[in-house]
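In case you want the letters, here they are:
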Amino acid sequence: MKIISTQEDNFKEEFDSILARAKTDIKGVSAIVTDIIGEIVEEKNEALKRHIAKFDKWEVKSDDELLISKDDMKAAYENINCDLKKALHTAYDRIKAYHEKQLPKSWIDFEKNGTVLGQKVSAVDKAGLYIPGGKAAYPSSLLMNAIPAIVAGVEEIVVCTPTPNNEVNELLLAACHICNISKAFKVGGASAIAAMAYGTETIPKVDVITGPGNIFVATAKKLVFGEVNIDMIAGPSEIGILSDSSAKPKYLAIDLLSQAEHDEMASSIMITIDEEIATQTSIEVDNYLKTLSRREIASKSINDRGAIIIAKDMDEACNLMNEIAPEHLEVMTANPFELLSKIKHAGAIFLGENTPEPIGDYIAGPNHTLPTGSTAKFYSPLNVENFMKKSSIINFSSQAIDELGEACAILADTEGLTAHAKSVRVRLNKEK
């Protein structure tokens, strides 16, 4: 694994290269995705069927075949072993409990002059969840996207997932059963995003679309934003690790690889203040790679997009990590909580040697749908508020408009909005 030091003459160039690796270039697929969206808008289900035949390699003979039945979900749930059922329910309960703490509250405030101001918080009517399939299926992603929507109070949840060769992952079906999903469809890629954004004869138009996906899915989400809301534009998985001399190289190495095995485009970067830790971690990465079932994927990720950086001190290490703004950040130091105030940008922060990133993927409770590509500088993890919106509440008494109305009218005059000003002044009896 590549090791570089902040003291090297060309460090800035090397570091800029690391930052560039995290960017997702959607320009190359924009034209393709635009065409796919256009076909869905114009032809709806007919385009969906054609896209499924092309990309998922099976023929949809009727619209009904697009829907995954609740009976299939229940059967899949009943067929999984007891330990797996227990694990899924444990994850469900912990994720639900965490997201219930996020619920925003409606509020009302009464001023002395009779003004009433407030905020009404309500759920969107329909949410669309995109759950990846293809090479791998992720029931954990279904839980992480469905549960905050459920907690928010969304009335209708729509799930789309690709089904290559018309094969649906049994664990995903079981997770759908646990979440009581009634509308799940065998549609993937940009086609699914377009279908949920604009609606077809079978798939309802939704208000918000969430969930991870490949570059075609990410591009489609960006292009339909405005027609619907979205959670974020997510790219390949990332992990950043801050470590000092107390960290265990074996832990560091396997945690770096936990993200590298996701995707050849995944990024694994460690910043340490200990040169020996850097060297030993690199050795352990090579040792672990030989044992991984997805070693070819992990090897390419580590070789192309991985790095270990040696910083002069922890302040420098934190500043560099804030520039990276990783999706997942592990703090593997003797006193991890001491660094918390110095960390400004990260999707999820894992503190201490007993808190590996996979704990957050499955069982801890916080959401694992996280901002990537340095967007943690301005995006948050998927949360309950992604499925909610706020309405302002305003009520003026006669005393309130008498006190504040003329100031309002003056501001309207300044902007040349005559009707605005008159709308207020007729209530002040200054104009008839």
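Note that this is a predicted model, so its numbers are computed, not measured.

Could you clarify how one ought to interpret the pairing of strand β12 (residues 306–310) in this entry?
In the case of a regular strand, side chains alternate between the two sheet surfaces. The element β12 is extensively covered by neighbouring structure, given that five of its five residues are classed as buried. Across the two faces of β12 the burial is the same, with Gly306, Ile308 and Ile310 and Ala307 and Ile309 all buried. In this sheet, β12 lies alongside strand β1 (residues 3–5) in parallel orientation, the contact comprising three bridges. Across the sheet, Ile4 pairs through a bridge with Ile309, a residue of β12.

Teacher, can you tell me more about the packing of helix α2 (residues 27–43) against helix α8 (residues 189–198) here?
When two helices pack together, their arrangement is given by the angle between the helix axes and by the axis-to-axis distance. Direction vectors running N to C along α2 and α8 enclose 45°, while the axes themselves pass 9 Å from each other. Compared by their axis directions, α2 and α8 come out oblique. In the crossing of α2 with α8, the sense of the turn from one axis to the other is right-handed. Here α2 contributes Val33, Ile36, Ile37, Ile40 and Val41 to the contact with α8, which in turn contributes Ala190, Ser191, Ala194, Ala195 and Tyr198. Taken together, the residues of the contact of α2 with α8 break down into nine nonpolar, one polar and no charged.

Hey, could you run me through the packing of aromatic side chains in this one?
Note on aromatic pairs: each is described by the distance of the centres and the angle between the planes. With the rule as written, the count across this model stands at two aromatic pairs. Measuring from ring centre to ring centre gives 5.6 Å for Phe11 and Phe15, while their planes differ by 20°; the resulting arrangement is stacked. Here Phe11 and its partner Phe15 are both found in helix α1 (residues 11–21), four residues apart, which amounts to about one turn of the helix. With relative accessibility at 9%, the residue Phe11 sits in the buried group.

Looking at this model, I keep getting lost on the side chain of Thr369. Mind explaining?
Mapped onto the secondary structure, Thr369 falls in the loop between α14 (357–362) and β15 (388–395). Among the polar contacts listed, one links the side chain of Thr369 to the side chain of Asn145, at a separation of 3.4 Å. Filtering out sequence-adjacent residues up to four positions away, Thr369 remains in contact with Met144, Asn145, Asp231, Met232, Pro381 and Leu382.

How should the pattern of salt bridges be read in this particular structure?
Pairs may arise between side chains of opposite charge once their charged atoms sit close together. Scanning all chains against the criterion turns up 18 salt bridges. Among the salt bridges present, the one from Asp16 reaches Lys12, with a minimum N-O distance of 2.9 Å. Of this pair, Asp16 and Lys12 both sit in helix α1, separated by four residues, roughly a single helical turn. Judged by its relative accessible area of 60%, Lys12 is exposed. Salt-bridge contacts for Lys49 lead to Asp63; the nearest nitrogen and oxygen are separated by 2.8 Å. Taken together, the residues Lys49 in helix α3 (residues 45–55) and Asp63 in the loop between α3 and β2 (67–68) connect sequence positions 14 residues apart.

About the thresholds
- Residues numbered from 1 in each chain as written.
- Predicted model: local features only at pLDDT ≥ 70, side-chain atom pairs only at ≥ 80, totals over all residues.
- Heavy atoms only, no water.
- Buried < 20%, exposed > 50% of the residue type's maximum accessible area, 1.4 Å probe, protein only.
- Helix = DSSP H or I, 4+ residues; strand = E, 2+ residues; numbered from the N terminus.
- Pairing = 2+ DSSP bridges.
- Axes fitted to C-alpha atoms, helices over the stretch in contact; angles between N-to-C directions.
- Parallel < 35°, antiparallel > 145°, perpendicular 65-115°, else oblique.
- Left-handed = near helix turned anticlockwise from the far one by under 90°.
- Contact = heavy atoms within 4.5 Å.
- Nonpolar A, V, L, I, M, F, W, Y, C, P; charged D, E, K, R; others polar.
- Phe/Tyr/Trp six-rings, centres within 6.5 Å; stacked < 30°, edge-to-face > 60°.
- Polar contact = N/O pair within 3.5 Å; in protein donor to acceptor, adjacent residues only side chain to side chain.
- Salt bridge = Lys/Arg side-chain N within 4 Å of Asp/Glu carboxyl O.

Coordinates in, geometry out; function isn't part of it.
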